[in-house]
Amino acid sequence: MTAFRVPGRGRVLHNRPVSFTFDGDTYQGLEGDTVASALIANGVHLMGRSFKYHRPRGPIAAGSEEPNALIGTRRGKGRFEPNTRATVQEIWNGLETNSQNKYPSLKFDIGAINDRLYMLFSAGFYYKTFMWPRSFWDKVYEPFIRAAAGLGVSPTEPDPDNYASRYLHTDVLVVGAGPAGLAAARAAAEAGLRVTLVDENAEPGGTLLSEPQAKIDGKPAWDWLESEIDALIDLGVRIMTRTTAIGYYHQNMIGLCQKLTDHLEKPAASTPRERMWRVRAKQVILAQGALEKPLVFDGNDRPGVMLAGSAQTYLNRYGVRVGNNTVVVTSHDSAWYAAFDLASAGTRIEAIVDTRPAPNADLVKQAAARGITVFAGYTATGTSGRLRIKSVRINKVDNGRVMAAQTLACDSLLVCGGWTPSLHLFSHTKGTLKWDDQSQTFLPDRITEDCQIAGAGRGLWGIEAALNDGFAMGAAAVKALGKTANIKTLSVADDRPGSGTSHTELPTDLDAGKARAFVDYQNDVTAKDLRLAVREGMRSIEHVKRYTTNGMATDQGKMSNINGLNIAADALGKKQPEVGLTTFRPPYTPTTFGAFVGYHKGDHFEVTRKTPIDSWAEENRAVFEPVSLWRRAWYFPKDGEDMDAAVRRECRETRKSLGMFDASTLGKIEVVGPDAVEFMNRMYTNPWTKLAPGRTRYGLLLGDDGYIRDDGVIGRLSDDRFHITTTTGGAARVLNMMEDYLQTEWPDLKVWLTSTTEQWATIALNGPNARNLLAPFVEGLDISDEAFPHMSIAECSVAGFPARLFRVSFTGELGFEVNVPARHGRALWETLFAAGQKYDICPYGTETMHVLRAEKGFIIVGQDTDGTVTPYDAGAGWAVGKNKPDFVGMRALNRPDLTAEGRKQLVGLLTDDGVSKLEEGAQIVLDPNQPIPMKMVGHVTSSYHSDAAGRPIALALIEGGHGKTGETVYIPMPDRTIRATITGTVFYDPENARLKL
Amino acid sequence: MLLIHCPYCDETLPELEFTYGGEAHIARPENPADKTDDEWRDFLFIRTNVKGPHFERWRHAHGCGRFFNAVRDTVSDRFLTTYKAGEPRPDLAVLLEDAAKKEPSK
Amino acid sequence: MTHFSALSLLKNALTGQKNWQAQWPDSQPKAEYDVVIVGAGGHGLGAAYYLAKEHGITNVAVIDKGWLGGGNTGRNTTIIRSNYLYDESARLYDHAVDLWEGLSQDLNYNVMFSRRGVLMLAHNVHDVQSFQRHIHSNRLNGVDNRWLTPEEAKEFCPPLNISPNARYPVVGAALQMRAGTARHDAVAWGYARGASQRGVDIIQNCPVTAIRRGPDGAVEGVETAKGFIRAKKVAVSAAGHTSVVMETAGVRMPLESYPLQALVSEPVKPIFPCVVMSNTVHAYISQSDKGELVIGSGTDQYTSYSQRGGLPLIEHTVAAICEIFPIFNRMRMLRKWGGIVDVTPDRSPILGMTPVPGLYVNCGWGTGGFKATPGAAHTLAWTVAKGTPHDINAPFTLDRFRTGRLIDEAAAAAVAH
């Protein structure tokens, strides 16, 4: 049994010891302890160092609002996380923890030199210096500032854990399982609603866990709690503990983060570490309670200084006394009870110091009965003790005058400056708050979502008030959902309702300008920093916050916002609401990235679309490239081949005999209906009326801004049916665009659009032997050049599979594209591949496809065009139907800039030396000797080595390029300038003789 | 994540099923060739970008696939109504009155 | 007003920091100004500063509906770079970087411009083509930008995962060494202090309800919550709210306002040396001087002024970051927030003259406004002072949406940020 453990007290299991380490030393705690409660039980309060001044710090709180006691936590390899709150982390055998932001050790930290220079490191000091000499910024000042960053250290290994995510629909979500939340859940559940009750703590109960003395409905609080939870479970309420409501989003969606393994000694390997819930609730009840405020005075941050309510929690929930001799400084009744409880447990209460001249007479009487000295109408003006508080300095305040000081020795100091309703989630909804003068707090005002606020969140104090408000608000939620509820009430004995006053800094007889009166503990923001910010012209709390960093620590202002606001308002001579409240932002407490990531990691980060033939490509050692969400075979290297060699071979073999290519990723849209041809006429630049069934045409699609959006070969199957192909990346976009025009602009057209991209597997056969290979497999169709000329389409069967056959070529060779139902894609591929062996058939990938098409000057939308290119720019003016009354993009093509001289136009480019391959993206100039910045006239869009042309070839967009054929341009590279000549875009077989084989 | 009522499916569903389609009631001119450059710019680019009730289009992309119109307050992101494409603009005053009645704090 | 220096800091340290003066007074409006600027963000305050400093026009008011610097200036992820593709953009943003480099000294306010380098990741062949096009163009424009192999990128940014098996493997990167970050609030405060020192009035919590035009169509002044303020020149620099303000002058804008979210992690010791952007997976990250990882997300799909933003987008952003930097999976998100960005059809700003005599506008920055702050403010001041476009802002006209002469960084680069 450790020195500060109270036998039999609390909810920890006294017969279940647990050992863990802190900074390498082993400590004993009990099952149910947090790291903080276990260390305090061992007499250890010093757990960390503050951010700026490296001041020694201990836990000031017992919950998730803790700003000081942040530690590193580790569970073996890869499982380390910094900045864990020691007040939340439960202990288990073998847990390793360490303190942060110190060097070389927690007890002796060199960084504490900053503490001596505190007058220099005032708020915003860095804005005022580090500017001279200017050259020192990069080399000296900035590295110095950046090196001071952070508290803990980042993890350095990939995370081995898994995270889960779930959706949940519920009638009523209750956030907070204290008395108000429990009662609200009961009211809603009894009305037959589906209820979910969540709490961030390890067990439900909230304040009841710290107040076992209360008697609810005649029962001791903990007995009542146990039976109440049983009753809720019987009513089907889903109770989730260690579950934090992190954010309140639109239309009653709440994000919950549930911690599943951080408290376990041996989590099952299959258990996710955390689970993110996205809950959609018809009604939300926010019963998040209230947070205790510290008092602001010189030295209010030493290890051993703690919120009174937290000390009460350590005692009653964890069975730990925070010290042996304690002083209490308070402006609120609640701290008196903490003192009484501690006194009963054997701690000597040196004094209760109340700032109020006349505290509650009943409490004074109880203190007297316990022999506790009371100083009423006093202020605290300082403390001593480096690594642990040793004494507190107090003074009588007489009519505003601070009288002579006296010093009280102590090893712990409990403070209480009152309580602040916890309205973080309410604030996420953009619900508004109203300042309540009487309680000196903000209370909820205008509610914007379907939610109720219950208990301390509405400024109600005491268990009875919270319980009964919970019943009432639960009933309100029931009523809002159209059901009826009885509003129950319970009476509570030994309740501890109370009141208090609110302060800015406590008055002092010392130089307030030198006081180290902390408001934001972690960020070392003092009252004088806040006043300095105001002095320097910061007039809104948002400015004050940003200038001082008050409220920006990992507790996100839970400890500091209200004290900061009170002080800023005082400094400005304004009421708090005129100074404003900074917006609370999600998440409520810091939330693991992994929980947001959930399943979306690795291969599941985003879906990978694969064609039916992908598995064959993988087995045949294809190298893949990502193209939008697809992965496509890029090239098929043989032993010893690099990409260049493989691609050149694939190109050669295809042109020489036969290549096969998986074109299944091409987008496909079926356009059907009596008005199909009219629709096509309106969508595409080309005319379609005269295209006969059985024929295909290259189609060009613009936006209504006149720029090229997509292209593809389109076949007419019958009068009322078209088979559109789109680019791989454009399929979804094109269909959406077509649906948009069809549904909203031309709803009178009788046309139906269907995406068939994944219905068809598409195999392209190209090369002089394409027909020789294919013909024996085709049934029901003569594919001779006469019967099935270039740009034909027909339905037939291929190798016994129903097929749509295109005679089309993206390579300039005799070509066919066979579409078969996707499930037959691989079988057909294998059949053709096997039969193709006699023609030395060559499977090729996207890179070879690019080379072959570039040799013929076929464009790739998105590579040779970039969203600013018109059909005329691309040399595809021939595809624009000049006699059509309208098509998408037609009007815009007449806009002034689209018809202006000097537009960038697509041309071919050959380097004069015949061997230099240009870089894609390289910029083109007319005068290579001009100074920088140079006038650039265009850029290289495509560039490949071409065996067919016997040299490198390129396509480029060049200003006025169509009129510059034969002219010389220059491509300045870092090491040299390359000369090139503008040519046409066709580098191979300009007569198209090979298509007609 | 917004909840959106699809007037065709008559169901209220999460935003993930829908894609936003920009401001509503901007019809493509009947005879584009007759339009001036200014008029074409207005059609293409000029938007009210209103701060408050906004007439806008959504598509139930991962559902019925239909485009429909909505009125949404861009300050609160609250939907006042949704209605089928081709239906006239609803009366904003009536919508605001209805919305005020449904305000949770009332 | 006190000159800021190590010496003044020391002196004040010895006197209990009691002698600092307000960095800018909170002014009440006068009846008339030579120039009224609507919107007291970095852009608006900056324009006022340069009007006073470089053009001697000091009878200027900057009016804001809320607190200065309370909009996007204080809500962005502070990335500064200039490696844009088009000559027009590169010149504008590089002009801004030139000014960033001397801004702390110019303002006597340390804005902590940190040239830590911005690394843009390429994940596929299309990215490589696009980045190479940028790099070549930047080189010939005199803008710093260079190509790194995956290994070089990892050396520059050690937390980077360059495994070829990643869902979006890193196949290379473009690095602008001269780029980096700055302290966003300090930019607004520094300009506010510098402007007010030179006589500019900063009027906060005073919504502008309308821009008034005279019978000749020219601007006469602005109606505000504190009454009418006469001014022959009005410059609107109101970011997401520009459409609403311009509408009152009868000018309809090609703008839409979208929610944009960002987040920070808990602070950790230095682990992340530079800025990394990935347009393909939509994520942006750097580490602040406090130690927080500062992470930018994309815009939600719908227009909104709510500053809320949805959970799915944030989940995707965090997933993207953890995909590229798997060591951060156990880090924790500290807070996330939303801003409102005004987006033009070509993702480039509108900067300078409007069809209304005396009315000027600076808007449409989308997600890229912070980096341009000094450049935009500087050239807008020039235009307001002289009544003609500045060479650098001349291409960024409103008229380009009529003619079609767009500056489409988005189309050219897939996404511009």
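Coordinates for the structure precede this section.
Residues numbered from 1 in each chain as written. Chains lettered and ligands numbered in written order. Predicted model: local features only at pLDDT ≥ 70, side-chain atom pairs only at ≥ 80, totals over all residues. Heavy atoms only, no water.

### Observations concerning the packing of aromatic side chains
Under the convention used in this document: Aromatic pairing here means that ring centres of Phe, Tyr or Trp (its six-membered ring) are within 6.5 Å. Orientation follows from the plane angle: under 30 degrees is stacked, over 60 is edge-to-face, and everything else is tilted. Charge over a ring is defined by NZ of Lys or CZ of Arg lying within 6 Å of the ring centre and within 35 degrees of the ring normal.
Inspection of the entire model under this criterion finds 48 aromatic pairs over all chains. Directly above the aromatic system of Tyr118(A) lies the positively charged group of Arg516(A), at a separation of 3.5 Å from the ring centroid. Arg193(C) extends its terminal NZ or CZ atom over the ring of Phe4(C), reaching a point 3.6 Å from the ring centre.

### A closer look at the nonpolar core
In plain terms, the rule: Take the buried residues of types Ala, Val, Leu, Ile, Met, Phe, Trp, Tyr and Cys, join any two whose side-chain atoms come within 4.5 Å, and each joined set is a nonpolar core. Burial status follows relative accessibility: with a 1.4 Å probe on protein chains alone, a residue under 20% of its type maximum counts as buried, one over 50% as exposed, and anything between as partly exposed. We call two residues in contact whenever any of their non-hydrogen atoms come within 4.5 Å of each other.
Grouped together as the largest cluster of nonpolar side chains are 117 residues, with contacts concentrated most on Val353(A), Leu413(A), Ile37(C), Leu45(C), Leu68(C), Trp100(C) and Trp189(C). Residue contacts for Val353(A): discarding those within four places in its chain leaves Val327(A), Val328(A), Val329(A), Thr330(A), Phe375(A), Tyr378(A), Ile394(A) and Leu408(A). If you look at the next biggest cluster of nonpolar residues, it comprises 48 residues, including Ala86(A), Met306(A), Leu342(A) and Leu414(A).

### Side note on the interface of chain C and chain B
The condition is simple: Two parts lose some accessible area (1.4 Å probe) when they are put together, and adding that loss for both gives the buried area. By salt bridge we mean one thing: a side-chain nitrogen of Lys or Arg within 4 Å of a carboxyl oxygen of Asp or Glu. Think of a polar contact as two N or O atoms within 3.5 Å of one another; within protein, one of them needs to be a possible hydrogen donor and the other a possible acceptor, and neighboring residues in sequence only count if both atoms come from side chains.
Taken together, the 26 residues of chain C in the interface contact 25 residues of chain B. Carbon and sulfur atoms make up 53% of the surface buried where chain C meets chain B, a total of about 2100 Å² over both sides. Applying the counting criterion to the chain C and chain B interface returns 2 salt bridges. On the surface where chain C and chain B come into contact, there are 15 residue pairs in polar contact (both at pLDDT 80 or more).

### Details of the pairing of strand β49 (residues 936-946) of chain A
All names here are of chain A. Selection criterion: In this text, helices come from DSSP runs of H or I with a minimum length of four residues, and strands from runs of E with a minimum of two, each type numbered from the N-terminal end. If DSSP finds at least two bridges between two strands, the strands pair.
The buried fraction of β49 amounts to 10 of the 11 residues, a majority that puts the element mostly inside the structure. With 3 bridges connecting them, strand β48 (residues 923-925) and β49 associate as antiparallel partners. Residue pairing in the sheet places Val 925 in a bridge with Met 936 of β49. As defined by bridge partners, β49 adjoins strand β50 (residues 951-959) across 8 bridges and the pair is classed as antiparallel. Among the inter-strand pairings, Ser 943 is bridged to a residue of β50, identified as Ala 954.

### Quick notes on the sheet that holds strand β15 (residues 293-299) of chain C
In plain terms, the rule: In this analysis, axes come from line fits to C-alpha atoms, helices being fitted only over the stretch in contact, and the angle between any two N-to-C directions falls in the range 0 to 180 degrees.
The mixed open sheet is built from 9 strands, whose spatial order is β32(A)-β16(C)-β12(C)-β15(C)-β14(C)-β13(C)-β4(C)-β6(C)-β5(C). This sheet does not close on itself; its edge strands, each paired only once, are β32 (591-592) of chain A together with β5 (146-148) of chain C. Relative to strand β6 (residues 172-176) of chain C, strand β4 (residues 118-122) of chain C runs antiparallel, the two sharing 5 bridges. Residue pairing across strands places Val118(C) opposite Gln176(C), the latter belonging to β6(C). Where helix α4 (residues 125-141) of chain C meets the sheet, its contacts fall on β4, β5 and β6 of chain C, and the angle it forms with β4(C) comes to roughly 145 degrees.

Nothing here speaks to function; it is geometry throughout.
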